[in-house]
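The residues making up each chain are set out below.
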Amino acid sequence: MDNGLSRAAVAANRFGLGAGPGELQEIAHDPKGWVLAQLEAPEPLGEPLQGLAGSSEYLERLIAYRRDRRAARRQQAREKGEQVALPTFGERFNGDILREVQLRARQQCATTSPVHERLVMFWSNHFTVSAEKQSVRLLAGAFEREAIRPHIGEDFATLLLGAEQHPAMLMYLDNAGSIGPGSRMGRWRNQRAEKGRGKPVGINENLAREAMELHGLGVDGGYRQQDVLELARALTGWRTRLQVPDNSKARPLTSHGSVFQRRAHEPGSRRLLGETFSQRHAAQGRAMLSFLADQPAAATHVAAALARHYVADDPPSDLVEHLARTYRQHKGQLLPVYRALFTHELAWQETPRKFRRPDEYLMALHRALGQLPAVKGARWKRELRLLGQPSFRPGSPAGWGDTADDWIGADALWKRLLIARRHAKRLARMRDPMELAQDSLGPQLRESTAVAISQADRRQGAAIVLASPEFQWR
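Residues numbered from 1 in each chain as written. Predicted model: local features only at pLDDT ≥ 70, side-chain atom pairs only at ≥ 80, totals over all residues. Heavy atoms only, no water.

## Considerations on the layout of surface pockets
Part 1 of the reasoning: The volume enclosed by the largest pocket comes to roughly 370 Å³.
Part 2 of the reasoning: If you trace the largest pocket, you find 17 residues lining it, with His 126, Ala 305, Arg 308, Ala 398 and Asp 402 closest to the centre.
Part 3 of the reasoning: When contributions to the lining of the largest pocket are tallied by element, the ones reaching two or more residues are α7 (114–126) and α16 (296–310).
Part 4 of the reasoning: Surrounding the second largest pocket, 13 residues form its lining, Lys 249, Ala 250, Arg 251, Phe 260 and Arg 262 being those nearest its centre. (1 Å grid on protein atoms, 1.4 Å probe; cavity = no way out; pocket = protein on both sides within 12 Å on 5 of 7 lines; lining within 4 Å. Points joined across faces, edges and corners; volume = space filled by probe spheres on them. Helix = DSSP H or I, 4+ residues; strand = E, 2+ residues; numbered from the N terminus.)

## A look at the pattern of salt bridges
Close approach of charged atoms allows side chains of opposite charge to pair.
Part 1 of the reasoning: For the structure on display, the rule yields 25 salt bridges.
Part 2 of the reasoning: The partner of Arg 61 in a salt bridge is Asp 96, with the nearest N and O atoms 3.2 Å apart. Here Asp 96 lies in helix α6 (residues 89–110) and Arg 61 lies in helix α5 (residues 55–78), a separation of 35 residues in the sequence.
Part 3 of the reasoning: Because the salt bridges share partners, they merge into one network encompassing Glu 57, Arg 61, Arg 92, Asp 96 and Arg 99. (Salt bridge = Lys/Arg side-chain N within 4 Å of Asp/Glu carboxyl O.)

## What to know about the sheet that holds strand β1 (residues 238–240)
Part 1 of the reasoning: Across the sheet, 3 strands lie side by side as β1-β3-β2; this open sheet has antiparallel pairing. The open sheet has two free edges, formed respectively by β1 and β2 (251–252), since each of these has just one partner strand.
Part 2 of the reasoning: Here 3 bridges tie β1 to strand β3 (residues 258–260), and the two strands are oriented antiparallel to one another. Paired with Trp 238 across the strands is Phe 260, a residue of β3. (Pairing = 2+ DSSP bridges.)

## Some thoughts on the packing of helix α22 (residues 433–441) against helix α23 (residues 447–454)
Packed helix pairs are specified by the crossing angle of their axes together with the interaxial distance, meaning the distance between the axes.
Part 1 of the reasoning: Look at α22 against α23: their axes get within 9 Å of each other, and the N-to-C directions meet at 155°. Looking at the two axes, α22 sits roughly antiparallel to α23. As α22 packs across α23, the resulting crossing turns out to be right-handed. Along its contact with α22, which presents Pro 433, Met 434 and Ala 437, the element α23 presents Ala 450, Ile 453 and Ser 454.
Part 2 of the reasoning: Of the residues contributing to the contact of α22 with α23, the split by class is 5 nonpolar, 1 polar and no charged. (Axes fitted to C-alpha atoms, helices over the stretch in contact; angles between N-to-C directions. Parallel < 35°, antiparallel > 145°, perpendicular 65-115°, else oblique. Left-handed = near helix turned anticlockwise from the far one by under 90°. Contact = heavy atoms within 4.5 Å. Nonpolar A, V, L, I, M, F, W, Y, C, P; charged D, E, K, R; others polar.)

## Section: empty space enclosed by the protein
Part 1 of the reasoning: Inspection of the entire model under this criterion finds 2 cavities of 30 Å³ or more.
Part 2 of the reasoning: Reported here for the largest cavity is a volume of approximately 270 Å³.
Part 3 of the reasoning: Around the largest cavity sit 23 residues that line it, and Arg 104, Ser 124, Asp 359, Phe 392 and Trp 400 are the ones nearest its centre.
Part 4 of the reasoning: Counting only elements with at least two residues in the lining of the largest cavity, the list comes to α6, α7, α9 (140–148), α19 (358–369) and α20 (379–386).
Part 5 of the reasoning: In terms of residue count, the dominant contributor to the lining of the largest cavity is α6 (4 residues).
Part 6 of the reasoning: Looking at the lining of the largest cavity residue by residue, the classes come out as 13 nonpolar, 6 polar and 4 charged.
Part 7 of the reasoning: If you add up the space inside the second largest cavity, you get close to 40 Å³.
Part 8 of the reasoning: Every residue along the wall of the second largest cavity is listed here: Leu 49, Glu 100, Arg 104, Gly 141, Glu 144, Arg 145, Arg 149 and Phe 392.
Part 9 of the reasoning: At the level of elements, α6 and α9 are the ones that each hand at least two residues to the lining of the second largest cavity.
Part 10 of the reasoning: Per-class residue counts for the lining of the second largest cavity are 2 nonpolar, 1 polar and 5 charged.

## Focus: the packing of aromatic side chains
Part 1 of the reasoning: Per the counting criterion, the structure on display carries 16 aromatic pairs.
Part 2 of the reasoning: Ring centres of Phe 277 and Phe 291 lie 5.3 Å apart, and the angle between their planes is 70°; this geometry places the pair in the edge-to-face category. Here Phe 277 is found in strand β5 (residues 275–277), whereas its partner Phe 291 is found in helix α15 (residues 282–293), with 14 residues between them in sequence.
Part 3 of the reasoning: Look at Phe 277 and you get buried, because its relative accessible area is 6%.
Part 4 of the reasoning: With relative accessibility at 18%, the residue Phe 291 sits in the buried group.
Part 5 of the reasoning: Above the ring of Phe 471, the side-chain terminus of Arg 356 is found at 5.2 Å from the ring centroid. (Phe/Tyr/Trp six-rings, centres within 6.5 Å; stacked < 30°, edge-to-face > 60°. Buried < 20%, exposed > 50% of the residue type's maximum accessible area, 1.4 Å probe, protein only. Lys NZ or Arg CZ within 6 Å of the ring centre and 35° of its normal.)

## Structural notes on the nonpolar core
Part 1 of the reasoning: By size, the foremost hydrophobic cluster in this structure holds 125 residues, and its most contacted members are Trp 123, Phe 127 and Tyr 338.
Part 2 of the reasoning: Among the elements that take part in this core, α16 stands out by supplying 9 residues, more than any other.
Part 3 of the reasoning: Excluding residues that lie within four positions of it along the chain, Phe 127 makes contacts with Phe 143, Ile 148, Phe 156, Leu 159, Leu 160, Ala 163, Glu 164, Met 169 and His 215. (Core = buried A, V, L, I, M, F, W, Y, C linked by side-chain atoms within 4.5 Å.)

## A few points about helix α3 (residues 31–40)
Part 1 of the reasoning: Among the residues making up α3, those that are buried are Pro 31, Trp 34, Val 35, Gln 38 and Leu 39. The buried residues of α3 all sit within an arc of 145° when viewed along its axis, so they share a single face.
Part 2 of the reasoning: Packing partners of the buried residues in α3 comprise α1 (3–15), α2 (23–27), α7 and α18 (334–342). (Arc of directions from axis to C-beta.)

## Some remarks on the side chain of Asp 359
Part 1 of the reasoning: With respect to the helices and strands, Asp 359 occurs in helix α19.
Part 2 of the reasoning: Overall, the relative accessible area of 9% leaves Asp 359 in the buried class.
Part 3 of the reasoning: Those residues in contact with Asp 359, other than ones at most four positions away along the chain, are Met 121, Trp 380, Leu 384 and Gln 389.

What follows is the structure, encoded as structure tokens:
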């Protein structure tokens, strides 16, 4: 067996997004170098994605949409019940949302830097925002472009801050409504509530809890409930343009539409994991998040997540410790951690050990066929929904599951077979099935699968390749 081709298959499928026609032969000259080169010089973001609106523009559209709806309701009241036609949220924004989904899919399937693109996917899932919440639906794609993609080669603190301060995260985890009861706004609104003039306000712990449990330290990160509450107090006043009037004195948190509203911030110093933070205003929350990224628990949490995603559902402890030690030695810089992962022999074992998620399966399928998802229509979106992973809509802040148990099941495998047959129908006149198998799987192609392909007609043979067990694993 050609060791170069074997390692090329690992590089393309485990560290990348699947091999395209002729790609394994190109990678085989230096599989490790092919992987590492993409850390240093990934391709620029595709022009179609660059042309999409940013979060600030989307927020302005949402503000205008809500303003129009309020005006319509007032007009309806004046006209004593006369219905005023106004588009629904879906009618107004579904076209924007679909473009986000389709153009992102084309970027993933066409990229010449699939190793870099997989890292973007990994971190986007690590810092999950979900379009299940309507206010986030427009911003989920922009969140990945603005908070994740630019920072994956920097230090973890920068990535953590970029994600937590982004308006999509502030809205998804309800921090936009977190108001310190001791702040000027909190005291005023709670006094009004006592007189029956509105609802009381208070601190929402969601963002602080997930920043520690899911994003920063892990569930075993050594923090207590009091630490969560202290961080939540520091993050009060972190809001978006959607909640803050134009005439307010709020200052930008980011250039993407998130703001710091001092009137809503709980005053006072905070104590987190034994450390005191006396900074004022937005600087306090930023300092506390940076402090979290510098903790040994953060190193272990990031190391375990990377090893689980790339190497095994139950990652080798030696590999996790190696990555965590690299993280600590380089003070959270991520490029050295990636290099430590992509050069470790435990990551290059030839037996596939990771089951492809639905989106990974569709990307590998399109890359193997040398085809791109259509810009128009919603086929990619429909197929992902059929496979159980609707675009930008994980069911919880934990994101999409990253182990085989999350995706293997009789119904799930049957649906992959349906997808394989559908694409094989279009392929039958274009590619030889055995050539497709060798191009996409290389030495990972099993003898039993090769025999089945050789005994089938072109259409059935192509379906066998795309539905084969070895195509499901990376």
